[in-house]
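# Examination of the molecular architecture
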Amino acid sequence: MRLVLLGPPGSGKGTQAARLKEYLQVPHISTGDLLRAEVAAGSPLGLQAKEIMARGDFVSDEILLGMLEDRFARPDTANGFILDGYPRNLVQADALGVLLDKIRQPMDFAVQLEVPTDLLVERIAGRAKAEGRDDDSPEVVRNRLDKYTSQTAPVIDYYRQHGQLTVVDGVGSLDDVFSRLIEALSPAKEVG
Ligand code: AMP
């Protein structure tokens with residue numbers, strides 16, 4: 001199963017992807033996690049990305065594509081993947097299409113986790129307390145949500161226009177949302 005998970009910060013993408021990974025037995029590729037690992041390692045890429053991420057801005061398309069190409073070159077992606085946090089703009093959506101064509105791994109689904117904005121702000125505030133992510137402060141969260149609306153929301157329209165979009169209601173308990181995701185990804189849906 002080759003899956004792209006779309007949704008704003010706080011929509012539960014990361015949490016659901018971690019569960020889906022167990023269920024589908026494919027790797028969870030989170031570009032945010034890959035970048036945070038670079039920052040933690042103090043690599044040149046990490047040093048470049050650190051400030052950008054702390055502001056809630058986007059790291060360059062070029063860096064992201066290079067990172068993804070490296071990640072897809074690893075053998076564990078042969079049976080599929082769950083991509084989380086990419087694409088975040090239309091340039092990345094095009095780049096992903098080209099990359100997946102090249103490695104002959106066409107995407108099965110782009111899934112949008114739909115959550116109203118007021119709930120996102122609430123969830124991120126809770127996560128800020130629990131995890132202490134330095135890009136979860138109120139001003140940075142506002143910037144991340146603005147970036148999502150201006151740059152990432154068009155990606156959803158792009159997949160809708162290409163007939164590849166599945167929308168899943170992201171409101172409710174983790175179990176409820178997970179059940180909806182599984183239902184949306186069931187083989188019957190894949191054919192239709
Ligand atoms: P996330 O964990 O997906 O919310 O990502 C955390 C941060 O990493 C984002 O706010 C961006 O600064 C950066 N980032 C992650 N994925 C991307 C991407 N596809 N393009 C640009 N920047 C990204």
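Residues numbered from 1 in each chain as written. Predicted model: local features only at pLDDT ≥ 70, side-chain atom pairs only at ≥ 80, totals over all residues. Heavy atoms only, no water.

### So, the packing of aromatic side chains
The cut-off we apply is this: Classification of ring pairs uses Phe, Tyr and Trp, with its six-membered ring standing for Trp, and accepts pairs whose centres are within 6.5 Å; under 30 degrees between planes counts as stacked, over 60 as edge-to-face, and the remaining range as tilted. Exposure is judged per residue with a 1.4 Å probe applied to protein chains only, and the accessible area is read against the type maximum: over 50% gives exposed, under 20% gives buried, and values in between give partly exposed. In this analysis the charged atom, NZ for Lys or CZ for Arg, is taken to sit over a ring once it is within 6 Å of the ring centre and within 35 degrees of the ring normal.
A complete count under the given rule lists three aromatic pairs for this structure. Judged by centre distance (4.8 Å) and plane angle (75 degrees), the ring pair of Phe72 and Phe81 falls under edge-to-face. Of the two residues, Phe72 and Phe81, neither departs from the other in class, the shared state being buried. The lysine or arginine in question, Arg19, covers the ring of Phe178, its NZ or CZ lying 5.7 Å from the ring centre.

### Comments concerning the packing of helix 4 (residues 61–72) against helix 5 (residues 90–102)
Selection rule: Every axis in this analysis is a line fitted to C-alpha atoms, fitted for helices over the stretch in contact. Angles between the N-to-C directions lie between 0 and 180 degrees. Each helix corresponds to a stretch of at least 4 residues labelled H or I by DSSP, and each strand to a stretch of at least 2 residues labelled E; elements are numbered beginning at the N terminus. Comment on the angle field: the value is read as roughly parallel under 35 degrees, roughly antiparallel over 145, roughly perpendicular from 65 to 115, and oblique elsewhere. Take the far helix as your reference; a near helix turned counterclockwise from it by less than a right angle gives a left-handed crossing, and one turned clockwise gives a right-handed crossing. Contact between two residues is taken to exist if any of their heavy atoms lie within 4.5 Å; hydrogens are not considered. We call Asp, Glu, Lys and Arg charged. Ala, Val, Leu, Ile, Met, Phe, Trp, Tyr, Cys and Pro are nonpolar, and the rest, Gly among them, are polar.
One can describe the packing of helix 4 onto helix 5 by two numbers: an axis separation of 11 Å at closest approach and a directional angle of 25 degrees. Of the possible angle classes, the one that applies to helix 4 and helix 5 is roughly parallel. Judged by the twist between their axes, the crossing of helix 4 over helix 5 is right-handed. Listed contacts from helix 5 to Asp61, Leu64, Leu65, Leu68, Glu69 and Phe72 of helix 4 are Val91, Gln92, Ala95, Leu96, Leu99, Leu100 and Lys102. Of the residues assigned to the contact of helix 4 with helix 5, the class counts are nine nonpolar, one polar and three charged.

### A few points about the site of the ligand
Defined as follows: Being near a molecule or strand, for a residue, comes down to having at least one heavy atom within 4 Å of it. Residues adjacent in sequence count toward polar contacts only when both atoms are side-chain atoms; beyond that, a polar contact is any pair of N or O atoms within 3.5 Å, and within protein one must be able to donate a hydrogen and the other to accept it. The method behind every accessible area is Shrake-Rupley, applied with a 1.4 Å probe, and residues are considered shielded solely by the protein chains displayed. The distinction between a cavity and a pocket rests on a 1 Å grid over the protein atoms alone: a 1.4 Å probe fits inside a cavity but cannot get out, while a pocket stays open yet meets protein on both sides within 12 Å along at least five of seven lines, and a residue with an atom within 4 Å of a point counts as lining. Whether a molecule lies in a cavity or pocket depends on its atoms, and more than half of them have to be within 2 Å of the grid points.
In the vicinity of the ligand there are 16 residues, among which Thr31, Arg36, Asp57, Gly85 and Gln92 approach most closely. Between the ligand and Gln92, the relevant distance is 2.9 Å, taken from a nitrogen atom to a side-chain nitrogen or oxygen of the residue. Notes on the ligand: free accessible area 470 Å², of which the protein chains cover 96%. Placement of the ligand is best described as lying within the largest pocket.

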